[in-house]
Amino acid sequence: MTGKTRIRMVPGCASLLVLALIAMIASCNRDVRLAGRNVPSVKVRTVSHFGVTLDREASPEPVAFVALRAIREDVLAGNEKDREAALAKQFDVCAANIIQAKNRSSIKRDPYIYNVVYHWAPTVSHYVKNFDLDWEQAKKRLIRRDPPQNEGVKRRFEECTILMELDDPTGDAGARVVVILWLARDDGYWRVLHLGFDNTSRSIGT
């Protein structure tokens, strides 16, 4: 491991992530990360980043690409201004309305969404140099998985996952991981709910 803590999650554990975040936030009288920060009121809308336009016609894969590249910029930012700009791109690709719909805490919408998205970068920071800078390269590595179609089960919104294998920066082949992004259609747009790691496999399809 290189001494860094990795957070791993299994598919379908969105509610566990939310509960963990709520518990963490509620443990303090005030979240110091929000002090002096501009907490936006996120609107789900058409945006363009890194040469990719994410409108209602965009598929989940380019949304995942933009999210991962923005996270990379966040982690590698050399100053606070650049980091805030990278974080703003992450807000642009978050499923804000659905994230809020899952909010079972007393935390208001905007700070709640801020705290969820704020934790994306720390979750995968160890691997960001393995994220692609170019969409044409990224789309070769991003694998979409749709949930099974269970007859008689009505879903509140359309969902899917995007998977990508990541090499460990140490070069240890045994430390390879699979990152998972959970996406949902929010007001007709594919957007990111949360992300984590597959704790059952180090490669896709095994």
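Residues numbered from 1 in each chain as written. Predicted model: local features only at pLDDT ≥ 70, side-chain atom pairs only at ≥ 80, totals over all residues. Heavy atoms only, no water.

A.B. asks: Hey, could you go over the sheet that holds strand 3 (residues 143-145) for me, with residue numbers and the actual values?
C.D. replies: Strand order in the open sheet formed by 4 strands is 3-4-5-6, and the pairing between neighbours is antiparallel. Taken across any chain shown, the strands that pair with only one partner, and hence form the sheet edges, are strand 3 and strand 6 (189-197). Across the sheet, the mean angle from the axis of one strand to that of its neighbour is 30°, orientation sign disregarded. Note: strand 3 against strand 4 (residues 159-166), 3 bridges, orientation antiparallel. If you follow Ile-143 over to strand 4, its bridge partner there is Leu-163. On the sheet, helix 2 (residues 60-76) packs against strand 3, strand 4, strand 5 (177-186) and strand 6 and is oriented at approximately 55° with respect to strand 6. (Pairing = 2+ DSSP bridges. Helix = DSSP H or I, 4+ residues; strand = E, 2+ residues; numbered from the N terminus. Axes fitted to C-alpha atoms, helices over the stretch in contact; angles between N-to-C directions. Contact = heavy atoms within 4.5 Å.)

A.B. asks: Kindly report on empty space enclosed by the protein, identifying the contributing residues and their values.
C.D. replies: Scanning the model with the defined rule gives 2 cavities of 30 Å³ or more in all. For the second largest cavity, the calculated volume is near 40 Å³. If you trace the second largest cavity, you find it lined by Phe-65, Leu-68, Asp-132, Ala-138, Leu-142 and Met-164. Looking at the lining of the second largest cavity, its residues break down into 5 nonpolar, no polar and 1 charged. (1 Å grid on protein atoms, 1.4 Å probe; cavity = no way out; pocket = protein on both sides within 12 Å on 5 of 7 lines; lining within 4 Å. Points joined across faces, edges and corners; volume = space filled by probe spheres on them. Nonpolar A, V, L, I, M, F, W, Y, C, P; charged D, E, K, R; others polar.)

A.B. asks: Lay out the nonpolar core with the relevant residues and their values.
C.D. replies: Counting residues in each nonpolar core, the largest one holds 55 residues, and the members touching the most others are Leu-54, Ile-71, Cys-94, Trp-120, Phe-131, Leu-181 and Leu-183. No other element matches strand 5, which puts 8 residues into this core. When residues no more than four places from it in sequence are discounted, the contact partners of Leu-54 are Arg-45, Thr-46, Val-47, Pro-62, Val-63, Val-66, Val-93, Tyr-189 and Arg-191. (Core = buried A, V, L, I, M, F, W, Y, C linked by side-chain atoms within 4.5 Å. Buried < 20%, exposed > 50% of the residue type's maximum accessible area, 1.4 Å probe, protein only.)

A.B. asks: Explain helix 3 (residues 80-92) residue by residue, including any values.
C.D. replies: For helix 3, built from 13 residues, the straight-helix expectation of 18 Å at 1.5 Å per residue is met to within 8% by its first-to-last C-alpha distance of 18 Å. If you check which residues of helix 3 are buried, you get Ala-86, Leu-87, Lys-89, Gln-90, Phe-91 and Asp-92. Its buried side turned inward, helix 3 meets strand 1 (47-49), helix 2, helix 5 (109-118), helix 6 (120-124) and strand 6. At the N-terminal boundary of helix 3, the capping side chain belongs to Asn-79, with an oxygen 3.1 Å from the backbone nitrogen of Lys-81. (Expected span 1.5 Å × (residues − 1). Polar contact = N/O pair within 3.5 Å; in protein donor to acceptor, adjacent residues only side chain to side chain.)

A.B. asks: Describe the side chain of His-126, and please don't skip the residues or the numbers.
C.D. replies: Looking at where His-126 falls in the secondary structure, it is placed in the loop between helix 6 and helix 7 (135-138). Judged by relative accessible area, which is 12%, His-126 ranks as buried. Separated by 3.0 Å, the side chains of His-126 and Asp-168 make a polar contact.

A.B. asks: Any details on the packing of aromatic side chains? Residues and values, ideally.
C.D. replies: Summed over all chains, the structure comprises 5 aromatic pairs. For the ring pair Tyr-127 and Phe-197, a centre distance of 5.6 Å and an interplane angle of 55° mean the geometry is tilted. Linking Tyr-127 in the loop between helix 6 and helix 7 with Phe-197 in strand 6, this pair joins segments that are 70 residues apart in sequence. There is no split in this pair, since Tyr-127 and Phe-197 are both buried. Taken together through their ring pairs, the aromatic side chains of Phe-50, Phe-65 and Trp-135 make up a single cluster. (Phe/Tyr/Trp six-rings, centres within 6.5 Å; stacked < 30°, edge-to-face > 60°.)

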